[in-house]
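# Tertiary structure, described
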Amino acid sequence: MPLAAWIIDVEQSSVPCCNEAAEALLIGSLKDIKLGQRAIPSGLRERLSLHLASLDIGESLPFKWPFTSKDGVEYQVRGSVIALEDARKGLFVEAHPVSHYDAVSVVQDDSIIVHHAGLLAQFRSLSFAIFDQYGQYLEASEHFIAHFGVIQHVRDLFAVSGAANSFIRRLAHQENLFQEIRLATQNGIRWHKIEVSYHPSTNMIYLLTHDIQEERDHEVALYRLNNYDGLTNLPNRNLLYHQLESALINARKRHRQFGLLYLDLDGFKVINDNFGHRVGDELIQRVAERIKDSIPSGACLYRLGGDEFVVVLENTNSIAELESIAESIMQNASNTYPVAKMEMMITASIGIASYPQHADNVDHLLKNADAAMYRAKSMGHNMCFVYQNSMAENIDAYLTLGGGLRKAIEEEQFILHYQPKIRLPDETVVGAEALIRWIHPELGMISPDQFIPLAEESGLILPLGEWVIRRACRQLQEWRKAGYPDIKLSVNLSSRQFMQADLVDMVERVLEETGVDSKYFELEAH
């Protein structure tokens, strides 16, 4: 029987010509052959189009398939690429009768095709594809095609050429692979888990992919939730400890220094109490932005929570380098912050500590920088201090005072001293200024510069200020009843007290209760 041969025009989805042997062989498989009405199923057309696009004229298809005629004769069918009119590509197909010697090869090819069909059926709900040993696409599950679209080579799956080259080099070594990698899909570049198996008996590569983009997104979101501040997007305390531990290891290994600045905003509670947390949150955001602009590119800024920040600088040369950063932060803090259609000003107290001068571990370094910050806060606003050993005791006393301040107000552990105002020509006392002192039951007399900052930060300055005003008015009445001439008594108020919403009402109420004429009582901004 003559060799059966025919041509397939893939683009037109037709068989334009065939010889008599092919017509006899294909009878029952193709209708209306003589009329040229030989439709190719769409699925077969897509597969053939992929191979035509990847092959040159004269090259053979990378596969063959068996065919058995009606009279039981077995054939082996092969195809090669030919040129058609209009510069299109087509397939020249031949059916070769199988000799007894070739039967084993045909059976093997047939078993491969059946094996592929079985795999595709088994993985039809998964993203599964088959490639030849050179990475040329052969077949895939519907899920794979829907996810990745039409591809010609395994290289088409990769978003980055370098990753594709590395993958193909590993395929050349016939390695089985299991890894997570980014692949190009119909929905953009996404993370996948892939499993690649090479089968030497078939010279085929089997690829199984699983889209894990949502899992990756969830992991990233969870990581940010645990390690970043939601308000400022700055790294939080967790990442601070990680960096400090890493910096400590590197500094010990290379005999280098590193340091940190511990920042606490001055009077932030006043803003929260008077303008609300929404305004306070916006101010924190603006402060974080300005601090980032004030520090070197190699420094890292963290938010510990509330109004506390930490700046870490590795590989420092001296304490002066850290002090210079602190000065830059304080200088920029003197400018106002546009918040909620207002111009606000807030400063920061800064403590500085460095390894190995001030501590030999992370916890002590943070604690000592915190102690230096408390020293700065106790001395006034917008100041910085470098840690000294004596500060370790001071911070304990500072925290002890803070814990006892509320109790001191309740038990009235305070007294007022009155500094006279004298008219020099006749040395007549014309007024006095009330000065507060704390008589601590254990520590004795404590001056205002030690507990007033505590009172302002804790908000206790308001009840303490009311106590001072009430006690001063009573003293005026006591002097009057004792027969002394009327004098004007002044009381110092902090800026926090002047922002008190009911300050005027409170003063009027105290004056009424004590019977003091307002012309003998005055308030001074401190």
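Each value, and the rule that gives it
Residues numbered from 1 in each chain as written. Predicted model: local features only at pLDDT ≥ 70, side-chain atom pairs only at ≥ 80, totals over all residues. Heavy atoms only, no water. Pairing = 2+ DSSP bridges. Helix = DSSP H or I, 4+ residues; strand = E, 2+ residues; numbered from the N terminus. Axes fitted to C-alpha atoms, helices over the stretch in contact; angles between N-to-C directions. Salt bridge = Lys/Arg side-chain N within 4 Å of Asp/Glu carboxyl O. Buried < 20%, exposed > 50% of the residue type's maximum accessible area, 1.4 Å probe, protein only. Contact = heavy atoms within 4.5 Å. 1 Å grid on protein atoms, 1.4 Å probe; cavity = no way out; pocket = protein on both sides within 12 Å on 5 of 7 lines; lining within 4 Å. Points joined across faces, edges and corners; volume = space filled by probe spheres on them. Nonpolar A, V, L, I, M, F, W, Y, C, P; charged D, E, K, R; others polar.

## So, the sheet that holds strand β12 (residues 300-305)
Pairing within the open sheet is mixed, and its five strands lie in the order β12-β13-β11-β16-β17. Only two strands of the sheet have a single partner each, and these edge strands are β12 and β17 (384-386). Within the sheet, the average angular offset between the axes of one strand and its neighbour, ignoring direction, is 20 degrees. In terms of strand pairing, strand β16 (residues 348-355) meets β17 through three bridges, oriented parallel. Paired with I350 across the strands is C384, a residue of β17.

## A look at the pattern of salt bridges
Scanning the model with the defined rule gives 13 salt bridges in all. Of the charged contacts in the structure, one is a salt bridge between R216 and E180, with a shortest N-O distance of 2.8 Å. Residue R216 is located in helix α6 (residues 213-227), and its partner E180 is located in strand β8 (residues 177-185); the two are separated by 36 residues in the primary sequence. On the basis of relative accessible area, R216 is assigned to the partly exposed category, the value being 23%. The exposure class of E180 is partly exposed, given its relative accessible area of 37%. Salt-bridge contacts for R286 lead to E289; the nearest nitrogen and oxygen are separated by 3.0 Å. Of this pair, R286 and E289 both sit in helix α9 (residues 277-294), three residues apart, which is roughly one turn of that helix. Each of E466, R470, R509 and E513 takes part in salt bridges that share partners, so that together they form one network.

## Quick word on the environment of G431
One can find G431 in strand β19 (residues 428-440). Distance in space between the C-alpha atoms of G431 and L489 is 5.6 Å, their sequence separation being 58 residues.

## Quick look at the sheet that holds strand β6 (residues 127-132)
Neighbouring strands of a sheet are bound in pairs by backbone hydrogen bonds; such pairs are parallel or else antiparallel. Pairing is antiparallel across the open sheet formed by five strands, whose spatial order is β7-β6-β10-β9-β8. Strand pairing shows two members of the sheet lacking a second neighbour, β7 (137-140) and β8, which therefore form its edges. Within this sheet the neighbouring strands show an average axis-to-axis angle of 30 degrees, counted without direction. When β6 meets strand β10 (residues 204-211), the two strands line up antiparallel, connected through six bridges. If you follow I130 over to β10, its bridge partner there is Y206. Those strands touched by helix α5 (residues 161-172) are β8, β9 (188-199) and β10, and its axis lies near 140 degrees from that of β8.

## So, empty space enclosed by the protein
Taking a probe equal in size to a water molecule and rolling it over the atoms shows the remaining empty space. This structure, assessed with the given rule, holds one cavity of 30 Å³ or more. In this structure, the largest cavity occupies an estimated 60 Å³ of space. Contributing elements (two or more residues each) for the lining of the largest cavity: α9 and α10 (319-333). Among the elements that make up the lining of the largest cavity, the one with the highest residue count is α9 (three residues). Partitioning the lining of the largest cavity into residue classes produces eight nonpolar, one polar and one charged.

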